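Below, each chain spelled out in residue letters.
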Amino acid sequence: MSDLRTELKQSIIEQLNLEELSIEEIDNDDSLFGDGLGLDSIDALELIVLLEKDYGIKLTDPNQGKEIFISINKMAEYIESHRTK
Amino acid sequence: MDRSKTYFITNSIRIKNEKFLQKKETILSFDPEISFPQFLKDSYKKLELNYPKYHKMDSLCKLGILGASLLLKNQNFTEDTALVFSNRSSSHDIDLKHQRSMENIVSPAVFVYTLPNIVLGEISIKYKLQSENVFFIEDKFNPDLLVDYSEGLLNSGKATSVVCGWLELKNDEYDVLLCLVSNNGKIPFTKVNLEELYRFENE
């Protein structure tokens, strides 16, 4: 279970170009947006792409992202129950 | 409109051949063998930009931010500082990257940089500018256009200073000249002087 969370952190750092951040600095419950990692709206779209590319999850309604991209834990829970690959 | 007024090149930055020149003086240089991505990364570190958003930008924006950071450092400028940029290849490199990504799933973070004038927005955000800006696509460096357009903005009172220049990037080959133009300085803002600053590192 923790492997998926570490994998997610690595993917987020790489795909969102968060070069000054390390896996160790991201807590599983940190907010991804706002005061947490400070991601923006383009990052949210990249996370939707990441879900599709890496886990075969297609979000048809971008608003779903608000409930999924809260934290690493929330993302991992959603991936575990919806992944197709 | 006061057409008799003389403006000055208050500061200038040239980025070419793994070097940064300020008013013709080399202030930072790297190994000529350095790759372009590494050059952008190492320049960011050396200049201590401390601006994490830089890493998300495309290479054209990174060049613009590097140039503007040095150009505007310790300079007096106000939020009406206009941006008058030009190049030959528009947003060529990121356009190609975007085109290639179409074979799979398109990246929104790449797509948003597929216009040359995005760099003007990035510089405006970093320096809190609320000003006129324009990005011309020209066959070659055109000091006539830069001087005429910049003077127009200054004379009309739409800007009290202007950052103008050439920000070219194609296939990782870069060629940059940025000038801060204002009422202060010793080098008159003329086509000849602008051309000379551009030619300096080319010769």
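Above: the structure in question.
Position labels on residues start from 1 in each chain and follow its written sequence. Chains and ligands are labelled by the order in which they are written, letters from A for the one and numbers from 1 for the other. Only residues with pLDDT of 70 or above have their local features reported here, since the model is predicted, and side-chain atom pairs are shown and tallied only from 80 upward, although totals for entire chains, interfaces and linings are computed over all residues. For the side-chain quantities, the full set of heavy atoms in the structure was used; hydrogens and water were omitted.

A. Broad picture of the interface of chain B and chain A. On the chain A side, the residues contacting the 13 residues of chain B number 12 residues. Defined in terms of a 1.4 Å probe, buried area is the accessible area two parts forfeit on being brought together, summed over both. Across the chain B to chain A interface the summed buried area is about 1100 Å²; carbon plus sulfur atoms make up 58%. Sorting the residues of chain B by area buried against chain A places H55, K56 and I105 of chain B first, and these three jointly supply 54% of that buried surface. By definition, a salt bridge exists where a carboxyl oxygen of Asp or Glu is found within 4 Å of a side-chain nitrogen of Lys or Arg. For the pair chain B and chain A, the number of links is two salt bridges. A salt bridge links D43 of chain A to K56 of chain B; the nearest nitrogen and oxygen atoms lie 2.8 Å apart. In protein, a polar contact means a hydrogen-donor-capable atom and an acceptor-capable atom, both N or O and within 3.5 Å, with residues adjacent in sequence counting only if both atoms are side-chain atoms; elsewhere, any N or O pair within 3.5 Å suffices. In this structure, the connection of chain B to chain A is made through six residue pairs in polar contact (both at pLDDT 80 or more). Segments assigned H or I by DSSP are reported as helices when at least four residues long, segments assigned E as strands when at least two residues long, and all are numbered from the N terminus. Put simply, the parts of the chain that give the side of chain B that touches chain A at least two residues each are α1 (36-46) and α4 (108-111) of chain B. Each residue gets one of three labels, nonpolar for Ala, Val, Leu, Ile, Met, Phe, Trp, Tyr, Cys and Pro, charged for Asp, Glu, Lys and Arg, and polar for the others, Gly among them. Here the side of chain B that touches chain A is built from residues that sort into eight nonpolar, three polar and two charged. Note on definitions: a residue-residue contact is assigned when non-hydrogen atoms from the two residues lie within 4.5 Å.

B. Layout of the pairing of strand β4 (residues 82-87) of chain B. Residues and elements named next belong to chain B. Using a 1.4 Å probe on the protein chains alone, a residue whose accessible area is under 20% of its type maximum counts as buried, one over 50% counts as exposed, and one in between counts as partly exposed. Counted residue by residue, β4 has six buried out of six residues, so it is predominantly covered. Relative to strand β6 (residues 162-170), β4 runs parallel, the two sharing five bridges. Looking at the pairing, F85 lines up with G165 of β6. Strand pairing follows a simple DSSP-based rule, namely that at least 2 bridges must link the two strands. Two strands pair when backbone bridges link them, and β4 and strand β5 (residues 133-137) are joined in this way by five bridges, in the parallel orientation. Within β5, the residue paired with S86 across the bridge is F136.

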